[in-house]
Amino acid sequence: MNIKKLGVNIDHVATVRNARGEIYPSPLRAALLAEKSGADSITIHLREDRRHIRDEDLINLKKKIKIPINLEMSPTKEMKKIAIKFRPNYVCIVPEKRKEITTEGGLNVIKNRKLLKQLIKTLKKNNIRVSLFIEPNLRDIKISHIIGANCVELHTGQFCNLFNKRKNTFSSYHKIKKSAEFARELGLEVHAGHGLTYKSAYKISKIKDISEFNIGHFIVAESIFFGLKKTIVKFKKIINK
Ligand code: PXP
């Protein structure tokens, strides 16, 4: 069985820091501990409004972190410039709305097809692995493949909402499973993320075509009670059980 990778998203360490305008807790310190605890990559979302991660966090991480850095960013000129300048190992292109609390849905790959194709080309030329954050459906996977993405990250938000409310997840789960199978057939690497907890991640981890998970909010929340190290170690065991 392939080992499933865990990307640890540290955005909400920055959220706590920024809530008081302090310099603690340090996202860099969290990333170093995550690296020591077995995280396979560190994910940060540099939002246009810099509500959590800031430019200097990316700079500090680039200097000190040895595992790959996965930069989530919207497909804007500003973000493209930043990615080319700082060259994270991975970029995950995400949609962004100013007023949303978190990334609400996948990219509109039809409407933004040309823009995304160009951006993917530029990022790949700079040796950056490019992933597109999309809803789990075959049409968007096909387009992601045609426009040159290396990976797709399937949005698990709808599944997690139903799962947490103990509603029927059959259809939502099968959409993710079918999408993952199809993407693998096309040669794309398949990732999953958004809203995952121990229990929902365990269920999704049974989909063999998914090779990487990006998890943030729950890890930071759980760390309040168990510490970051124990939470990461537990997650890695769960997704590989
Ligand atoms: N993957 C992507 C593309 C995201 O935008 C987010 C949220 O920033 C996550 C994964 C992590 O989601 P969560 O914080 O709910 O675990």
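As shown above, the structure is provided for reference.
(A) Here's a closer look at the overall build of the chain. Counting its secondary structure elements, the chain contains 11 helices and 8 strands. Computed over the C-alpha atoms, the radius of gyration of the chain is 17 Å, within 12% of the 18 Å expected from 2.2 N^0.38 for a compact globule of 241 residues. For the chain, the spread of C-alpha atoms along the principal axes amounts to about 45 × 40 × 35 Å. Considering only contacts within the chain whose residues lie at least 6 apart along the sequence, 67% involve residues at least 24 apart.

(B) Here's a closer look at the site of the ligand. As a matter of local geometry, the ligand sits amid 13 residues, with Glu 72, Glu 153, Gly 195, Gly 216 and His 217 nearest to it. In the environment of the ligand, an oxygen atom lies 2.8 Å from a nitrogen or oxygen atom belonging to the backbone of Gly 195. One nitrogen or oxygen atom from the main chain of His 217 is found 2.9 Å from an oxygen atom belonging to the ligand. Look at the ligand: alone it shows 400 Å² of surface, and the protein chains cover 95% of it. Residues belonging to the shell around the ligand are distributed by class as follows: 3 nonpolar, 7 polar and 3 charged.

(C) Representation of the pattern of salt bridges in the model. Summed over all chains, the structure comprises 11 salt bridges. Close ionic contact of Arg 17 with Asp 57 constitutes a salt bridge, the shortest N to O distance being 2.9 Å. Of this pair, Arg 17 sits in helix α1 (residues 11-19) while Asp 57 sits in helix α3 (residues 55-64), placing them 40 residues apart in sequence. For Arg 17, a relative accessible area of 6% corresponds to the buried category. Exposure remark for Asp 57: the relative accessible area of 6% places this residue in the buried category. Put simply, Glu 181 and Lys 177 hold a salt bridge, and the shortest N to O gap is 3.5 Å.

(D) Spatial organisation of the packing of helix α10 (residues 217-226) against helix α11 (residues 228-239). Here α10 crosses α11 at 125°, and the two axes come no closer than 7 Å. In this view, α10 runs oblique relative to α11, as classed from their interaxial angle. Judged by the sense of rotation from one axis to the other, the crossing of α10 with α11 is right-handed. Contacts from Phe 218, Ile 219, Glu 222, Ser 223 and Phe 226 in α10 reach Leu 228, Lys 230, Thr 231, Ile 232 and Phe 235 in α11. The residue makeup of the contact of α10 with α11, split by class, is 6 nonpolar, 2 polar and 2 charged.

(E) Seen up close, the pairing of strand β6 (residues 151-155). Burial within β6 is extensive, with 5 of its 5 residues counted as buried. Residues Cys 151, Glu 153 and His 155 of β6 are buried on one face, and the alternating residues Val 152 and Leu 154, pointing to the opposite face, are buried as well. In this sheet, β6 lies alongside strand β5 (residues 129-134) in parallel orientation, the contact comprising 4 bridges. Bridge pairing in β6 links Phe 133 to Glu 153. With helix α6 (residues 138-146) bridging β5 and its parallel neighbour β6, the resulting β-α-β unit is right-handed. Pairing between β6 and strand β7 (residues 189-193): 5 bridges, direction parallel. Residue pairing for β7: Cys 151 is matched across the bridge by Glu 189.

Criteria and thresholds
- Residues numbered from 1 in each chain as written.
- Predicted model: local features only at pLDDT ≥ 70, side-chain atom pairs only at ≥ 80, totals over all residues.
- Heavy atoms only, no water.
- Helix = DSSP H or I, 4+ residues; strand = E, 2+ residues; numbered from the N terminus.
- Rg over C-alpha atoms; globule rule 2.2 N^0.38 Å.
- Contact = heavy atoms within 4.5 Å.
- Near = heavy atom within 4 Å.
- Polar contact = N/O pair within 3.5 Å; in protein donor to acceptor, adjacent residues only side chain to side chain.
- Areas by Shrake-Rupley, 256 points an atom, 1.4 Å probe, with all protein chains shown as cover.
- Nonpolar A, V, L, I, M, F, W, Y, C, P; charged D, E, K, R; others polar.
- Salt bridge = Lys/Arg side-chain N within 4 Å of Asp/Glu carboxyl O.
- Buried < 20%, exposed > 50% of the residue type's maximum accessible area, 1.4 Å probe, protein only.
- Axes fitted to C-alpha atoms, helices over the stretch in contact; angles between N-to-C directions.
- Parallel < 35°, antiparallel > 145°, perpendicular 65-115°, else oblique.
- Left-handed = near helix turned anticlockwise from the far one by under 90°.
- Pairing = 2+ DSSP bridges.
- Right-handed = clockwise from strand over helix to strand, strands pointing away.

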